[in-house]
Number of protein chains: 2
Amino acid sequence: MNTPLTPLDLIRRGLNIYPDKTAVIQPGGPSFTYRQWGGRIYQLARAVQAAGFAGRHVAVLSPNTHGGLLTYSAVPWAGSVLVPLNTRLTGEEYAFQLRHAEVKLLLVDETLHARVEQAALDLGIEVWVLGEGEAGAAFEARLAAQDDAPLPLPVTDEDATLTINFTSGTTSSPKGVMLTHRNCFLNAIETIYYFKADQDSVYLHTLPDFHANGWGGVWSPFGVGATHVTLPAVRADAAYDAIETYGVTHLCAAPTVLSMLTNPEQARTLTRPVRVATAGSPPHARTIADMNALGFHVTQVYGLTEVSPLVTVAELSAAQEALPTTERAPLIAKQGFEMILAGEVDVMDEHLTPTPHDGTTLGEIMVRGNLVMKGYYRNPDATAKALEGGWFHTGDVAVTYPDGRIEIKDRNKDVIISGGENISSVEIEGILYAHPAVREAVVVAMPDDKWGEVPCAFIALHGGKEAGPDELSAHVRAHLAGFKVPKHYEFRDDLPKTASGKFQKFILRNEVWQGQDRKVN
Amino acid sequence: MNTPLTPLDLIRRGLNIYPDKTAVIQPGGPSFTYRQWGGRIYQLARAVQAAGFAGRHVAVLSPNTHGGLLTYSAVPWAGSVLVPLNTRLTGEEYAFQLRHAEVKLLLVDETLHARVEQAALDLGIEVWVLGEGEAGAAFEARLAAQDDAPLPLPVTDEDATLTINFTSGTTSSPKGVMLTHRNCFLNAIETIYYFKADQDSVYLHTLPDFHANGWGGVWSPFGVGATHVTLPAVRADAAYDAIETYGVTHLCAAPTVLSMLTNPEQARTLTRPVRVATAGSPPHARTIADMNALGFHVTQVYGLTEVSPLVTVAELSAAQEALPTTERAPLIAKQGFEMILAGEVDVMDEHLTPTPHDGTTLGEIMVRGNLVMKGYYRNPDATAKALEGGWFHTGDVAVTYPDGRIEIKDRNKDVIISGGENISSVEIEGILYAHPAVREAVVVAMPDDKWGEVPCAFIALHGGKEAGPDELSAHVRAHLAGFKVPKHYEFRDDLPKTASGKFQKFILRNEVWQGQDRKVN
């Protein structure tokens, strides 16, 4: 007897079994029992329906607040598709995503409202403001006007789209990744298993919820009756305060955040161990050692939005866990093995033949199975290309070791991962070309101690024109999110090209990555 | 991108990631690495195909040997449906099940061959004998004749039948429960989570593998790279020897086996903790306390073959785990909460309305969702009845407490659970009626210290005829498995009936269960 696999069933279970447990706490803000949280889900779902947005696309733009978290359950419960937006974009970027995803209603935190107001107005999108202020009070009134009695699960098709998450990918326009209920359910179950989450878990939202739905963390803790601690601004002191105050047991974060937590000026030794999953770039051995010394247990996972997102884990046996940090850290630093619900994850050559497990032969990480997205919204060409041959092409270049562990050595030349955010070099290049002085522009990833990688721009100017780094950065910042602005510029007379006139990006990348044993950081 | 949910994908993952780990050990027998085990799976799958049984129904009759365990992966890998048979039945019972399930090939352990030989002959079923002896050598030769190279996963439809498991249920004829790949996959994932199984786990097969596929234990440990220890004969000394020798971390068993392990003459204190899942009947507080004292960590789970089989768990919070045994045992003794992949589990009245959570109102445990069987093989009427109103009717009568825990108080009056085996009272009654001296026969469950419950027969004889307990028992034994033979007889002139002549079984059950606070043991 099949019933749809959906993360909403995890919410249903949590509400049903743990009504008196604390579901959500926002430090310095309100907290909610599962019963209260359920009431809010049903109220917001009814409000969305009452306003005529059932079955429509509803975007959310919010830091990690309780209000933002609520939308991940309530909007799908209204029968609508959720479109989570990155909190660090420009009005121009928001306009593109809202239009492309055909959003009809936007739920926006009051702190971000100004950035998206014009775009929403231009597109005729209804806006509801979340927050603690006056606007937030209107939202609360909107909820209070609705019945808080349970609504039945709205899902009839587990392959229906649950969320559309934008990813930078390799092209100039962000792509809307359609994740299904089945995708997100299986990812959530997988994380519950690897995280050893249960009703005693307290999950701190240090990872932005809009990042592939917080790697599933916007749903999974509810399934086991755990407590969510929302954290609107990720600062070391706020994170440590929350860990101590609420007995946090789990968190997820990009290595940049781990570096912040291990910063000697802010680091605190934990009184209880905390499990940490990290992804986005491989954590440095030093960071792992520092985290361990403070009482964090770090596991590296790997994935992409297109695979729901987690597909490998740097799993260690008990014997490997007992090794000294110096021997253990290199194992944790690899991306590891396919996770139990990931389907098949393999490193393959261009003919889809697995590469030998020799630790040296490069291939591309490919994924096949139930975590792979339904496709890119309104982009059948990109979908077909990404899923060519029946495998999802990650663009990440890796080796497989004799013990089966996968390690990323390089990635698609057009992707830069900076502080956990994916950046498309092609998108930045497009903006640079719009500057009247720029004749040629190539952007590549450059290793950076703080951010992992940052964009580096190689520029050839038009004859007789001048433009320095500051002017070009101001130009990019006018169109794109700040984290996409090149941190370094190299000016050349000409950029290297093939005989047919194609840029030889790899030559410029090699220049920047000289002396590194791999081209990811 | 959907790929079929199937336990075979867990096998694939294990073979792929842990080739050099030990997959299976049989104490005093061979052991196999994952690579070797994979080779044997592919060889047996090819042998089944080569003999023309791909897509057909293949039965297995075996104690918990490595050969028996192999069939749970290899037969489905041949594209065939596996029919696991109870090892304790008579030739007559085997004949019924083999015929009803349309079995074409039987894999039988040499120790059980004699019992089923005639039935297989009569039905024209091909027989392959497993074992260590001469017959076993022929089986090994059959494997060796086949290529051990990987075969692709054969599953194209996750809703296809994976196994047909016979259950006694409430009618005179056993019913063949069709479990799908999806059913068994989700059950396996669920047990991996609740068991906290991983690559360091060592799983001892104390539970008969034919019991609902060993609660999924014939597949799930492979998914995480754990080691299986097969145990053909479950005796306390053999179990303790295996636990010590192989570092067993997990086992499953009916409370009867727990009582055996805690028998002071045989009990041993563990040097490492072992997780135990128990089901079949609620464990007694004393048994739990004794198990804890020896170093076992006991969790009660609940289920039935028809629900793949596990749907509730007596989950305890960390605070509850820390309680003294006297306060903890009553919590473990309840069936607990719906498991995370169980779908919905609720106690309901006859109108499918949930009963109040007051700890006193009786209702029937109902299950809806992805663990519920596809149906009974060739029995649409029984299927429709069992799934009436869209819920699977367990026949177990329970209350729900204010904290949401479910506790079974009674069960369908026609089911007796003895030493973990389900027995149909109706089936025994049918045999008793075939005795020339018997005029009326009603069989009910009777509490028993060793077996939990045993069948008790109320008999009214024909006038002028005589038959005592020994004669009736010999009669039943000639037709049915020994564990189904009534252990107690009550002779009456007449048995209580309604005005319309229907037996009032409840009156006889009440007699037998007088003074007990619930009618399950």
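Remember, predicted model here, so these are calculated numbers, not experimental data. (Residues numbered from 1 in each chain as written. Chains lettered and ligands numbered in written order. Predicted model: local features only at pLDDT ≥ 70, side-chain atom pairs only at ≥ 80, totals over all residues. Heavy atoms only, no water.)

**Thoughts on the overall build of chain A**
Put simply, the rule is: The helix count covers DSSP runs of H or I at least four residues long, the strand count covers runs of E at least two residues long, and both are numbered beginning at the N terminus. Accessible area is worked out with a 1.4 Å probe on protein chains only. A residue is then buried under 20% of its type maximum, exposed over 50%, and partly exposed in between. Any two residues having at least one pair of non-hydrogen atoms within 4.5 Å are treated as being in contact. Only four residue types enter the tally: Lys and Arg on the positive side, Asp and Glu on the negative side, with His and both chain ends excluded. Note on charges: their place is set at NZ of Lys, CZ of Arg, CG of Asp or CD of Glu.
Helix and strand counts for chain A come out as 18 helices and 25 strands. Taken over the C-alpha atoms alone, chain A extends approximately 70 × 60 × 50 Å along its principal axes. Every one of the 521 residues in chain A was classed for burial, and the buried ones make up 61%. A fraction of 69% describes how many contacts in chain A between residues 6 or more apart in sequence connect residues 24 or more apart. Within chain A, one finds 43 positive and 60 negative side-chain charges whose respective centroids are separated by 1 Å.

**Section: the interface of chain B and chain A**
In plain terms, the rule: A quick way to say it: buried area is the sum, across both parts, of accessible area lost when two parts are put together, with a 1.4 Å probe. Salt bridges, as used here, are contacts in which a Lys or Arg side-chain nitrogen is within 4 Å of a carboxyl oxygen on Asp or Glu. Within 3.5 Å is the distance limit for a polar contact, defined as a pair of N or O atoms, with the added protein rule that one can donate a hydrogen and the other accept it, and that residues adjacent in sequence qualify only through two side-chain atoms.
On the side of chain A, 48 residues touch chain B, which itself brings 48 residues to the contact. Summed over both sides, the interface of chain B with chain A buries roughly 3,800 Å², with 49% coming from carbon and sulfur. Linking chain B with chain A are four salt bridges, by the criterion used here. A salt bridge links R182(A) to E158(B), with the shortest nitrogen-to-oxygen separation between them at 2.9 Å. Counting across the interface, chain B meets chain A through 28 residue pairs in polar contact (both at pLDDT 80 or more). Those elements that provide at least two residues to the side of chain B that touches chain A are α1 (7-17), α7 (181-195), β15 (337-338) and β17 (363-368) of chain B.

**A word on the packing of aromatic side chains**
Stated precisely, the cut-off is as follows: For this analysis, a ring pair means two rings from Phe, Tyr or Trp (six-membered ring only for Trp) whose centres lie within 6.5 Å, classed as stacked if their planes differ by under 30 degrees, edge-to-face if by over 60, and tilted for the remaining angles. Two limits define a charge over a ring: the Lys NZ or Arg CZ must be within 6 Å of the ring centre, and within 35 degrees of the ring normal.
Counted under the stated rule, the structure contains 23 aromatic pairs over all chains. Feature note: the residues Y18(A), F32(A), Y34(A), W37(A), F222(A) and F337(B) constitute an aromatic cluster, connected by ring pairs. When the ring centre of Y376(A) is taken as origin, the NZ or CZ atom of K175(A), which lies over that ring, is 4.7 Å away.

**A short note on the relation of the copies chain B and chain A**
Between the two copies of this chain, the relationship is a rotation about some axis together with a displacement along it. Going by this rule: Copies overlap after least-squares fitting; the atoms used are the C-alpha atoms of residues with pLDDT of at least 70 in both.
Structural alignment of chain B on chain A gives an RMSD of 0.1 Å, achieved by rotating through 180° and translating 0.0 Å along the axis. Considering both components of the superposition, the chain copies are consistent with a two-fold axis. Among all residues of chain B, the one whose C-alpha sits closest to the rotation axis is Y193(B), at a distance of 2.7 Å. Of all interface residues in chain B, 100% are interface residues in chain A too; the two copies therefore contact each other through one and the same surface.

**Comments concerning the packing of helix α7 (residues 181-195) of chain A against α7(B)**
Rules: Whenever a helix is involved, its axis is fitted only over the stretch in contact; in every case the axis is a line through C-alpha atoms, and angles between N-to-C directions fall within 0 to 180 degrees. Should an angle fall under 35 degrees it is taken as roughly parallel, and over 145 as roughly antiparallel, whereas 65 to 115 is taken as roughly perpendicular and any remaining angle as oblique. By convention, the crossing between two helices is left-handed when the near helix turns anticlockwise from the far helix through less than a right angle, and right-handed when the turn is clockwise. Throughout, the ten residues Ala, Val, Leu, Ile, Met, Phe, Trp, Tyr, Cys and Pro are labelled nonpolar, Asp, Glu, Lys and Arg are labelled charged, and all others, Gly among them, are labelled polar.
Running from amino to carboxyl end, α7(A) crosses α7(B) at an angle of 30°, the nearest separation of the two axes being 9 Å. In this view, α7(A) runs roughly parallel relative to α7(B), as classed from their interaxial angle. When the axes of α7(A) and α7(B) are compared, the crossing they make is left-handed. In this structure, α7(A) contributes R182(A), I189(A), I192(A) and Y193(A) to the contact, and α7(B) contributes R182(B), I189(B), I192(B) and Y193(B). Taken together, the residues of the contact of α7(A) with α7(B) sort by class into six nonpolar, no polar and two charged.

**Regarding the pattern of salt bridges**
The final tally for this structure, using the stated rule, is 51 salt bridges over all chains. Salt bridges linked by common partners bring E158(A), R182(A), E158(B) and R182(B) together as one network.

**Quick notes on the confidence of the model for chain A**
Low pLDDT means the predicted atomic positions in that stretch should not be read closely. Here is the rule we go by: Residue-level confidence of the predictor is summarised by pLDDT, bounded by 0 at the bottom and 100 at the top.
Confidence in the prediction for chain A averages 94 pLDDT; 99% of positions are at 70 or higher. For this predicted complex, the interface confidence comes out at an ipTM of 0.91, alongside a pTM of 0.92.

**Describing the pairing of strand β7 (residues 161-167) of chain B**
Residues and elements named next belong to chain B. For clarity, the cut-off: A pair of strands is considered paired only if DSSP assigns at least 2 bridges between the two.
Within β7, seven of the seven residues are buried, which leaves it mostly tucked inside the rest of the structure. Across six bridges, the pairing between β7 and strand β8 (residues 175-180) is antiparallel. Bridge assignment links I164 to a residue of β8, and that residue is M178.

**Here's the deal with the sheet that holds β17(B)**
All names here are of chain B. Pairing within the open sheet is antiparallel, and its four strands lie in the order β16-β17-β19-β20. With one partner strand each, in any of the chains shown, β16 (344-348) and β20 (406-411) form the two edges of the open sheet. Along the sheet, successive strands turn relative to each other by an average axial angle of 45°, direction set aside. Note: strand β19 (residues 392-400) against β20, five bridges, orientation antiparallel.

**So, the side chain of T355(A)**
Considering the arrangement of structural elements, one finds T355(A) in the loop between β16 (344-348) and β17 (363-368). Ignoring sequence-local partners within four residues, the contact set of T355(A) consists of V347(A), M348(A), D349(A), T361(A), L362(A), G363(A) and T400(A).

**A word on the sheet that holds strand β10 (residues 227-230) of chain B**
All names here are of chain B. The strand order β2-β1-β10-β9-β11-β12-β13-β14-β15 describes an open sheet built from nine strands, whose pairing is mixed. Of all strands in the sheet, those with a lone pairing partner are β2 (31-33) and β15, marking the two edges. Of the pairings in the sheet, the one linking strand β9 (residues 202-205) to β10 comprises four bridges and is parallel in character. From the neighbouring strand, L204 faces β10, where its bridge partner is V229. This element, helix α2 (residues 34-50), spans β1 (22-25) and β2 of the sheet and lies at about 95° to β2.

**Side note on the state of the cysteines**
Residue and element names in this part refer to chain B. Selection criterion: Disulfides are defined as pairs of cysteine sulfur atoms found within 2.5 Å of each other.
A complete count under the given rule lists zero disulfides over all chains for this structure. Its sulfur unpaired, C252 is 15 Å from the next cysteine sulfur, which belongs to C184. For C252, a relative accessible area of 5% corresponds to the buried category.

**Thoughts on the environment of S73(B)**
Residue and element names in this part refer to chain B. Within the secondary structure layout, S73 lies in helix α3 (residues 66-77). Since its relative accessible area comes to 1%, S73 is described here as buried. Placed 32 residues apart in sequence, S73 and I41 show a C-alpha to C-alpha distance of 6.5 Å.

**Comments concerning helix α1 (residues 7-17) of chain A**
Across the eleven residues of α1(A), ten count as buried, placing the element largely inside the fold. For α1(A), every residue scored as buried is listed here: P7(A), L8(A), D9(A), L10(A), I11(A), R12(A), R13(A), G14(A), L15(A) and I17(A).

**Details of the packing of helix α2 (residues 34-50) of chain A against helix α6 (residues 134-144) of chain A**
Residue and element names in this part refer to chain A. As a packed pair, α2 and α6 sit with axes 8 Å apart at the nearest point and diverge in direction by 90°. Classified by the angle between their axes, α2 and α6 sit roughly perpendicular to one another. For the pair α2 and α6, contact is made by R40, Q43, L44 and A47 and by F139, E140, R142, L143 and A144, respectively. When its residues are assigned to classes, the contact of α2 with α6 shows five nonpolar, one polar and three charged.

**Thoughts on the pairing of strand β12 (residues 274-278) of chain A**
It is a general feature of regular strands that their side chains alternate between the two faces of the sheet. Residue and element names in this part refer to chain A. Note the threshold: Convention used here: a crossover is right-handed provided that the path from the first strand, over the helix, to the second strand proceeds clockwise when the strands point away from the viewer.
For β12, the tally of buried residues reaches four of five residues, placing the bulk of the element in the interior. Alignment of strand β11 (residues 250-253) against β12, held across four bridges, turns out to be parallel. What sits directly across from A253, in β12, is T278. Since β11 and β12 lie parallel, the crossover through helix α11 (residues 255-262) that links them has a hand, and here it is right-handed. Pairing analysis gives five bridges linking β12 to strand β13 (residues 296-303), with the strands arranged parallel. Paired with V274 across the bridge in β13 is F296.

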